[in-house]
Amino acid sequence: MTSSFANIGIKFHHGLRQRRSKFTPNFVETKTLFFSSLSKPRQSSNLEKIVSFSRFNRIDSTSTMEFGLKYDEPERYSKELDVAVRAVQLACFLCQRVQESIISKSGDEILSKDDHSPVTVADWSVQATVSWILSQSFGRKNVSIIAEEDIGNLSKANASDLLESVVKTVNDCLIEAPSFGLEGPKLALGPTDILESISRCNSSGGPKGRFWVLDPVDGTLGFVRGDQYAVALALIEDGKVVLGVLGCPNYPMKKEWLSYHHRYYRIISKLTPPTSDSWNKGFVMYARRQSGEAWMQPLLLGNDKFVGPNSAKPVRVSGVNNPALATFCEPVEKANSSHSFTEGLAQSVGLRKQPLRVYSMVKYAAIARGDAEIFMKFARAGYKEKIWDHAAGVVIIEEAGGVVTDARGNPLDFSKGIYLEGLDRGIIACAGSDLHDKIIGAVDASWDSSSL
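Conventions we followed
Residues numbered from 1 in each chain as written. Predicted model: local features only at pLDDT ≥ 70, side-chain atom pairs only at ≥ 80, totals over all residues. Heavy atoms only, no water. Helix = DSSP H or I, 4+ residues; strand = E, 2+ residues; numbered from the N terminus. Buried < 20%, exposed > 50% of the residue type's maximum accessible area, 1.4 Å probe, protein only. Contact = heavy atoms within 4.5 Å. Areas by Shrake-Rupley, 256 points an atom, 1.4 Å probe, with all protein chains shown as cover. Pairing = 2+ DSSP bridges. Phe/Tyr/Trp six-rings, centres within 6.5 Å; stacked < 30°, edge-to-face > 60°. Lys NZ or Arg CZ within 6 Å of the ring centre and 35° of its normal. Axes fitted to C-alpha atoms, helices over the stretch in contact; angles between N-to-C directions. Salt bridge = Lys/Arg side-chain N within 4 Å of Asp/Glu carboxyl O. Arc of directions from axis to C-beta.

Draft legend 1. Fine view of the overall build of the chain. Helix and strand content of the chain: ten helices and 17 strands. Counting over 452 residues, the chain shows a buried share of 57%. A separation threshold of at least 6 residues defines the contact pool for the chain, and within that pool the share at least 24 residues apart is 77%. Taken as a whole, the chain presents about 19,500 Å² of accessible surface, with 50% of it coming from carbon and sulfur.

Draft legend 2. Broad picture of the pairing of strand S10 (residues 281–288). For S10, the buried fraction is high: seven of the eight residues fall into the buried class. The pairing of strand S9 (residues 240–252) with S10 spans seven bridges and is antiparallel. The partner of Pro252 across the bridge, within S10, is Lys281. Pairing between S10 and strand S11 (residues 294–298): five bridges, direction antiparallel. Residue pairing for S11: Tyr286 is matched across the bridge by Trp295. Where S10 folds back onto S11 in an antiparallel hairpin, the turn is made up of five residues, including Gln290, whose phi is positive at roughly 70°.

Draft legend 3. Geometry of the packing of aromatic side chains. Summed over the entire model, instances satisfying the criterion amount to five aromatic pairs. Note on Tyr364 and Phe375: the rings are 5.3 Å apart at their centroids and 75° apart in plane angle, and the pair reads as edge-to-face. One end of the pair, Tyr364, is in helix H8 (residues 362–368); the other, Phe375, is in strand S15 (residues 374–378), with eleven residues separating them in the sequence. There is no split in this pair, since Tyr364 and Phe375 are both buried. Taking the ring centre of Tyr419 as reference, the NZ or CZ of Lys384 above it sits at 4.5 Å.

Draft legend 4. Seen up close, the sheet that holds S11. A sheet is described by the order of its strands in space; here seven strands give the open sequence S6-S7-S8-S9-S10-S11-S12, paired in mixed fashion. Only two strands of the sheet have a single partner each, and these edge strands are strand S6 (145–147) and strand S12 (313–315). Here the strands of the sheet are splayed against their neighbours by 20° on average, with no regard to which way each runs. Across three bridges, the pairing between S6 and strand S7 (residues 210–218) is parallel. Looking at S7, one finds that Ile145 is bridged to Trp212. Contacting S6, S7 and strand S8 (230–237), helix H2 (residues 121–138) crosses the sheet at an angle of about 150° to S7. Packing against the sheet, helix H9 (residues 391–399) makes contact with S8, S9, S10 and S11, and its axis sits at approximately 95° to S9.

Draft legend 5. Highlighting the pattern of salt bridges. With the rule as written, the count across this model stands at 17 salt bridges. Two residues, Arg289 and Glu398, come together in a salt bridge whose shortest N-O distance is 2.6 Å. With a gap of 109 residues between them, Arg289 in the loop between S10 and S11 and Glu398 in helix H9 connect regions that are remote in the sequence. Using a relative accessible area of 27% as the deciding quantity, one classes Arg289 as partly exposed. A relative accessible area of 26% means that Glu398 is categorised as partly exposed. In this structure, Asp424 engages Arg408 in a salt bridge whose closest nitrogen and oxygen atoms are separated by 3.1 Å. Residue Asp424 is located in the loop between strand S16 (403–406) and strand S17 (426–430), and its partner Arg408 is located in the loop between S16 and S17; the two are separated by 16 residues in the primary sequence.

Draft legend 6. Broad picture of the pairing of S7. Within S7, eight of the nine residues are buried, which leaves the element mostly enclosed by the surrounding structure. Strand direction decides the pairing type here: S7 and S8, joined by seven bridges, are antiparallel. Bridging across to S8, Asp218 finds its partner in Ala230.

Draft legend 7. Inspection of helix H4 (residues 191–199) at higher detail. Three or more residues of H4 are buried, namely Ile194, Leu195, Ser197 and Ile198. Mapping the buried residues of H4 onto a view down its axis gives an arc of 160°, with all of them on the same face. Buried residues along H4 sit in contact with H2 and helix H3 (160–174).

What is shown is where atoms sit, not what they do.
Next up, the structure:
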């Protein structure tokens, strides 16, 4: 490219002639936004040439608008972020289908892992799907993945029905890949293909090289209950998280509904159905390291009511720095987190609102989009935090203007393998440095008297 500026084009269709809108992510460090109709080409200078970034976008004769976003220099990890956003969008589509099935049935597709946490068809299916997409997009030899699930339970002799269900779920999902700008397989994947895709996620991480980190369904307990969950994908290079993508299919756009169990939200939504131009629930949020911005775009769910543009909106952390006005998040589960310690800590620092207890990395998304200001997690003795539970959320909050550290104020270290080794006591994420400093000080003052 001869120009010193790179541009990315976003295309969307006003008329939906197919079942699902074609999808183009809009990620980025925005400097200038301009609009140009393809039917009336805009005369641009050398510094404003429009370059369509997406190789997958197909243009037809329907009315199409193009959004150009200008950058000071070609950004790194552009293709990686493009593919990651598409993959998470497709994974969310898969999860929505499976969750509806689980809620309407008896739960035969739910198993318990060795640590008694649940695992579902969706966990294995998302892992297989994302692994396959990344391998196809970048080459199998160039892709290294750390992910939560393995094929232990799935490859047992008595698990043939379960494996068959996963194979069907993955193939049904990949049929829809072209609608998300991704190339699907020429032939349906078989059981061996699926098991290979899942088992390929066997990287051990470390301080050197590049690897992806995937949590196929973060918050599986919330998922099986019809509540909040997330699909989380991040890319780590030389021990640093360089991009993160969070899919939050059940996140309501109305902040006040976030504290309600999703089943009540579903009832109200049916009583007051969304209009065709509204954004009711669900999004994919993403950020790229050192861009200084995070973005959120609606899900593509295969619903023919979706007629709005596939454009993303910037997200920014809240400006609240008074603890009395701040909302803090903590995990729902008490098994690996101390609610009593965070309750005492909240009182000592002056937090007055009831805690927002939600499943999964949805907590990170809540802070990044300004719906909450603080996330605290202090694990019980013996529990070790895993990198797939935090990587994507951390980079998104930081690029949205927030702060994430351990309880000593140190950055989280993603270079030590699958665990956050060296973590000092717990994790603290805040909308700003003032709140963060107050929480850190309160932890130091309260820790010796705690039973953690």
